[in-house]
Amino acid sequence: KAFQSRLEGTKIRSVDRRGSLLVFTLDSGDLMVVDIGATGRLERAALKDETAKDTQIVLNFTQGGQLRMADPEEAAEAFAVTTELVTEELPELATLGLDPVASPVSWTSFAQALVNRRNEKLKPLLLDQTFVVGLGGLYADEILHDAGLRPDREVSTVSTMEIRRLYRSLVEILHEATKHHGTSTEEHPFTDLHGKEGSFQEELQVW
């Protein structure tokens, strides 16, 4: 009821992605934070559309239509929080790493961030949200394969030319995956707001 009362009658001003979270800015000053996790999804729907059994939340818009959050694992979460308390509720937001999809990252910034973690291995580092956000095992494997680098290479052994290759592969694969609306596999079906599956799975080289 508390969640419902903070949303009722508000307008969504903007939607931003921070790491794997979606942050909706409301005109009330509150934020609605949505974490769909590994198996959740958000769907735009009409009132007449059948509601899936795994639906957890339904937002009704006064101008028509709905936004539904669903998750077969029931692990997806949504909550309202003030802007002042968001970093207290979500301290991980303060330590998020580079986000090449949200804003351009220069190769020098990437190289510096990489060299600062010189004793770590490449794949675990790519999966670390404090280094770069939004990567799971699938994208990490594709990026390393495209760059011609072993996942267990230590950063300290990577040459400047190899860093350039890794940077290029990271940026290109993330932008290509975004252009193809994500990757949908049998184990992890991924759909956009309109229920359409992503198609980047057709471009995968090693997963």
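Structure first, text after, so check above.
Parameters and conventions
Residues numbered from 1 in each chain as written. Predicted model: local features only at pLDDT ≥ 70, side-chain atom pairs only at ≥ 80, totals over all residues. Heavy atoms only, no water. Axes fitted to C-alpha atoms, helices over the stretch in contact; angles between N-to-C directions. Helix = DSSP H or I, 4+ residues; strand = E, 2+ residues; numbered from the N terminus. Parallel < 35°, antiparallel > 145°, perpendicular 65-115°, else oblique. Left-handed = near helix turned anticlockwise from the far one by under 90°. Contact = heavy atoms within 4.5 Å. Nonpolar A, V, L, I, M, F, W, Y, C, P; charged D, E, K, R; others polar. Buried < 20%, exposed > 50% of the residue type's maximum accessible area, 1.4 Å probe, protein only. Pairing = 2+ DSSP bridges. Phe/Tyr/Trp six-rings, centres within 6.5 Å; stacked < 30°, edge-to-face > 60°.

Draft legend 1. Quick look at the packing of helix H5 (residues 137–147) against helix H6 (residues 160–179). In contact at an axis separation of 8 Å, H5 and H6 are set at 135° when each is read in the N-to-C sense. Accordingly, the angle class assigned to the pair H5 and H6 is oblique. Both H5 and H6 take part in a crossing whose hand is right-handed. Between H5 and H6, the contacting residues are Tyr139, Glu142, Ile143, Leu144, Asp146 and Ala147 on the first element and Arg165, Leu166, Ser169, Leu170, Ile173 and Ala177 on the second. Residue composition of the contact of H5 with H6, by class: eight nonpolar, one polar and three charged.

Draft legend 2. Region of the structure containing the pairing of strand S3 (residues 30–35). Extensive coverage of S3 is indicated by the burial of five of its six residues. By the bridge criterion, four bridges tie strand S2 (residues 21–26) to S3 in an arrangement that is antiparallel. Bridge pairing links Val23 to Val33 in S3. Linking two consecutive strands that pair antiparallel, namely S2 and S3, is a turn of three residues; a positive phi of about 100° is found at Gly29 within it. Pairing of S3 with strand S7 (residues 77–82), which is carried by six bridges, proceeds in the antiparallel orientation. Residue pairing for S7: Asp30 is matched across the bridge by Thr82.

Draft legend 3. Representation of the packing of aromatic side chains. Under the criterion given, the structure shown has three aromatic pairs. Their ring planes at 45° and their centres at 5.7 Å tell us that Phe110 and Tyr167 sit as a pair that is tilted. Of the two residues, Phe110 is situated in helix H3 (residues 107–115) and Tyr167 in helix H6; the sequence distance between them amounts to 57 residues. Accessibility expressed as a relative area gives 1% for Phe110, which makes it buried. These aromatic residues form a ring-pair network of at least three members: Phe110, Phe131 and Tyr167.

Draft legend 4. Region of the structure containing the environment of Met32. Its place among the elements puts Met32 in strand S3. Judged by its relative accessible area of 4%, Met32 is buried. C-alpha separation for the pair Met32 and Ile12, spaced 20 residues apart in sequence, amounts to 9.2 Å. Filtering out sequence-adjacent residues up to four positions away, Met32 remains in contact with Phe3, Leu7, Leu22, Val23, Phe24, Leu26, Leu59, Phe79 and Ala80.

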